[in-house]
Amino acid sequence: SRALGRDTESCVRQGPLLQAAGALELIAADQPARAHCWLDGGDAAQLMPLLEARWQRAPHCVLEGLRLLLQDS
């Protein structure tokens, strides 16, 4: 949820997620509207509901990039 916490436990849980989502949206705002915004990593599933629709999950994107590099060499 995008709501702020109402007690210490929920604030501690929501605060870092909302902070990360805000930072990602701030970075995305500086990109062209047609730019792809991909997200991967351990907290991606928790962050996705907090982000705008232009964000997409990209599971294993690091491994996919390494695969592409190996193919080119």
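Above this text you will find the structure in question.
On a predicted model such as this, the values are computed, not experimentally measured, just so you know. (Residues numbered from 1 in each chain as written. Predicted model: local features only at pLDDT ≥ 70, side-chain atom pairs only at ≥ 80, totals over all residues. Heavy atoms only, no water.)

## What to know about the environment of Cys37
1) Next: By secondary structure assignment, the location of Cys37 is in strand E1 (residues 37–39).
2) Next: For Cys37 and Arg54, which are 17 residues apart along the polypeptide, the C-alpha to C-alpha distance reads 6.3 Å.
3) Next: Filtering out sequence-adjacent residues up to four positions away, Cys37 remains in contact with Ala28, Arg54, Trp55 and Gln56. (Helix = DSSP H or I, 4+ residues; strand = E, 2+ residues; numbered from the N terminus. Contact = heavy atoms within 4.5 Å.)

## Some details on the side chain of Glu25
1) Next: The residue Glu25 is located in helix H1 (residues 8–29) in this model.
2) Next: Exposure remark for Glu25: the relative accessible area of 17% places this residue in the buried category.
3) Next: Ignoring any residue separated from it by four or fewer positions in sequence, one finds Glu25 in contact with Leu51, Glu52 and Trp55. (Buried < 20%, exposed > 50% of the residue type's maximum accessible area, 1.4 Å probe, protein only.)

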